[in-house]
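Below, each chain spelled out in residue letters.
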Amino acid sequence: MPAAAPATCGVSSGGPRRSGSPPGATHRAVAPDPTRSRPRIGPATLRLTARGRFRLRSGSGSQGGKIVAEGGARADELVACLAPLTGPEIEAAVAAARAAGLLPPTSRVISVSLAEPSRAALRVAADRPAPPRWAEVLAVDPVRHLPLEVVVDVAGAQVVRHREIPQAHAPVTLSEYRDCQRLVRADPGFRAGLLRRGVADPAQVLVEPWGIGDFEQSAEDPRRLVWTLSFWRAEPLDNPYAKPLTGLYCLVDLDAMAVLRVDDLGARALPPGRGTYAADQLGALRTDLRPLEIRQPEGVSFGLDGWAITWQRWSFAVGFNAREGMVLHQVNYRDQGRVRPILQRAAVSEIVIPYADPGRYEGWRNAFDIGEYGIGIMTNSLRLGCDCLGEIRYLDATLADSDGRPYRIPNAICLHEEDQGLLWKHVDGELGTTEVRRRRRLVVSFVITAGNYEYAFYWSFHQDGTIECEVRLTGVVLTSAWSGADDPPHGTVVAPGTLAAHHQHFFCFRLDPTVDGPRNRVEEVETVAVPPGPTNPYGNAFAPRRRLLATELAARRLCDPLHGRHWVVSNPHRRNALGRPVGYRLVPQDNVVAFADPQSSVRRRAGFLDHHLWVTAYDPDQRHPAGEFPAQSIGGDGLPRWARADRDLDDAELVMWYVVGSHHIPRPEDWPVMPATRAGFRLEPVGFFDANPALDVAPSPDCESRR
Ligand SMILES: [Cu+2]
């Protein structure tokens, strides 16, 4: 949305913190032992300079050093530019917007986020100050039914620009979600429906407001509508999804905060179970597991300063906003003293869950968790439990509530290292030697709760140059009461009287590649068999086939695992020691097509589901694959619209959009809480290095190579 790139950039209110004072708490499995001295992997630290800027200094190992961004800019300053807004910055931005009369008293704040500098603005020369910090205040005027956007220069408390956005429906705010729940519980018509189902106490009813999409409303209707599903805790500690109050629905006007209609399609018998999964409710638990400790007696091997992270040869910055949750910025790899950029930015940018039940209201269940709500606001505080193990550092997130006041999510982002088995190995039988290296990875993660579901996002950095993105899906499946056949066509009976509809989870990741520089190209690579003949006399030959994705329409692609299809993003201006362009490849893992009809509401509104890969020319205004405001959209916006421009992609600033589908035909084992399943992709170097970049990983001290 920042249309004009900031011209210059002075940072510092809200920049990274001083080294040695990580912003979150530390969870230690084992206290560090300062008396032991093993070679460290070499964290680097950022120091606050007298000018209020940040300079990277080497850690105790040999791998620290100043980060240099593409174009020679000071990456440490740029990292500070990209840090999320602080509480005081949020307050200052909202105050400036109010003082300018741009936030009416009745307005509700949706989010206050950093207006990120464009790529052009970040390519500042080393001798120029970094871009200014701008805040983007997004609010809704419920009286005029309009989203409002105000961009504020934080340091100067000046409004840079503002706009009203007609014909758009703003996402649901946190307070609206809760107000809607209270409103429905208090509604006489809803209460009458509860009584018809034997439910006397509305306080024990879970009401879930769902986006209404383009159902029940004309495109011209500016009101913000949701509809509600409801579930009952028969006992205070029960799993509410065990008793779905199927057939009872409310239509709510969020702007007026009024129930428009209660539809009771008739009560269905409630399932008998309680869906219990809490440890203190289950009775006897297993007692045959002995302790398994993750010990890092000398502490972590990564460097963390504010939002800047270094580990092994990697450096990057973490951001956070209300819509996308965690964002990665400026992912670089230091290779033989040279800092080489790989990604400018990476984040999940939309999540859509189409459900397959064609019932009267069940067919409306098409959640857009990012565009309709925002997953930053759904982010868990990881203070409790064991989401990560070992020596952990946390980062807190700061967001704005519906009144524009900052609030904190303590321990929103988790950083930790993991041993991941074998990195590489070879036994030379003739020499009798064994060389083996353990694989360690740095994992940066956050977890959200989206109603019944949990999504845990893990970005992992490996010693061999691989970047891995994994989503783990867990939580509770969405249920309906069911009294029909045992083998329903659109779902699975997961417990007596409990139907979990078939559905799919789609995650659209936005990746801004900068492989060894800003201008890249993308090729599709798949393997084909060579026809038998004079050049293939034994019929055994096969070979990869490369095809340049030269324009946006040509770059809309589906996965094809049967031919090993993947996509290589490369820099035609940089070659490796073998004379080939340096590159990274996007390697799909399990994926699936969307099964909803192409003309269905969800397919029209989430047009990006038509393809697994999209590549577009970089445009800082093109940020969200289903458009800026997918709530109640009629479709057509976002990637399908942008790609119609069919811009040239060869040797250009690019954005890659990768859509991962997780197909979910529920099974009884998914009840009452689902074992985590996985979806994701990898980014692997392909000719980016001249040889295995992990050759210099030292053998583990306890596993020395032996002759
Ligand atoms: Cu699922």
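Our subject is the structure that appears above.
Residues numbered from 1 in each chain as written. Predicted model: local features only at pLDDT ≥ 70, side-chain atom pairs only at ≥ 80, totals over all residues. Heavy atoms only, no water.

### Structural notes on the sheet that holds strand E6 (residues 146–153)
With antiparallel pairing, four strands are arranged side by side in an open sheet as E4-E5-E6-E7. Taken across any chain shown, the strands that pair with only one partner, and hence form the sheet edges, are strand E4 (108–115) and strand E7 (158–164). Between one strand axis and the next, the sheet turns by 20° as a mean value, whatever way the strands run. Against the sheet, helix H2 (residues 87–99) engages E4, strand E5 (134–141), E6 and E7, with an angle of about 115° to E6. (Pairing = 2+ DSSP bridges. Helix = DSSP H or I, 4+ residues; strand = E, 2+ residues; numbered from the N terminus. Axes fitted to C-alpha atoms, helices over the stretch in contact; angles between N-to-C directions. Contact = heavy atoms within 4.5 Å.)

### Topic: the pattern of salt bridges
Applying the stated criterion across every chain yields a total of 54 salt bridges. Measuring nitrogen to oxygen at the nearest pair gives 2.9 Å for the salt bridge that ties aspartate 512 to arginine 510. Given a relative accessible area of 2%, aspartate 512 falls into the buried group. One salt bridge connects arginine 547 with glutamate 524, and the closest N-O pair in it is separated by 3.8 Å. (Salt bridge = Lys/Arg side-chain N within 4 Å of Asp/Glu carboxyl O. Buried < 20%, exposed > 50% of the residue type's maximum accessible area, 1.4 Å probe, protein only.)

### Remarks on the coordination of the copper ion
Within the protein, the copper ion binds to Tyr453 (OH), His503 (NE2), His505 (NE2) and His664 (ND1); these donor distances fall in the range 1.9 to 2.0 Å. One can describe the site at the copper ion as irregular: its four donor atoms subtend angles covering 90 to 144° at the metal. Spacing between the donor residues of the copper ion along their common chain follows Y-x49-H-x1-H-x158-H. Within this pair, whereas histidine 503 is found in strand E26 (residues 503–513), its partner histidine 664 is found in strand E32 (residues 654–664), the two being separated by 161 residues in sequence. (Donors = N, O, S within 2.8 Å, 3.2 Å for Na, K, Ca; no water. Tetrahedral: all angles 85-135°; square planar, octahedral: opposite > 155°, others 65-115°.)

### Considerations on unusual backbone geometry
The residue after tryptophan 671, namely proline 672, is reached through a cis peptide bond having omega 0°. One can find proline 672 in the loop between E32 and strand E33 (674–685). One non-glycine residue, alanine 157, lies in positive phi territory at about 50°. For alanine 157, the position within the fold is in the loop between E6 and E7. Alanine 157 gets classed as partly exposed once you look at its relative accessible area, which sits at 41%. Backbone geometry places glutamine 330, a non-glycine residue, at a positive phi of 50°. Taking relative accessible area as the criterion, glutamine 330 reaches 8% and is therefore assigned buried.

### Observations concerning the side chain of aspartate 141
Mapped onto the elements, aspartate 141 comes out in strand E5. Within the structure, aspartate 141 has its side chain in polar contact with the backbone nitrogen of valine 143 (distance 2.9 Å). Filtering out sequence-adjacent residues up to four positions away, aspartate 141 remains in contact with Pro104, Thr106, Leu146 and Leu148. (Polar contact = N/O pair within 3.5 Å; in protein donor to acceptor, adjacent residues only side chain to side chain.)

### What about the nonpolar core?
Of all hydrophobic cores here, the largest spans 115 residues; its most connected members are Val318, Ile413, Tyr455, Phe457, Trp459, Phe461 and Phe681. Both domains that meet at this core, namely domain 2 (174–275) and domain 3 (304–685), each give it at least three residues. The next biggest cluster of nonpolar side chains, apart from the first, holds 19 residues, and it includes Val602, Phe608, Leu609 and Val659. (Core = buried A, V, L, I, M, F, W, Y, C linked by side-chain atoms within 4.5 Å. Domains from an automatic or database assignment.)

### Observations concerning the state of the cysteines
Within the structure shown, the criterion is met by one disulfide. Across the disulfide from cysteine 388 sits cysteine 414; the S-S distance is 2.2 Å. You can see cysteine 388 sitting in the loop between helix H6 (369–373) and strand E18 (392–400) and its partner cysteine 414 sitting in strand E19 (residues 406–428), a full 26 residues away along the chain. Take cysteine 180: it sits in no disulfide, and the sulfur closest to it among the cysteines is that of cysteine 250, at 8.1 Å. (Disulfide = S-S within 2.5 Å.)

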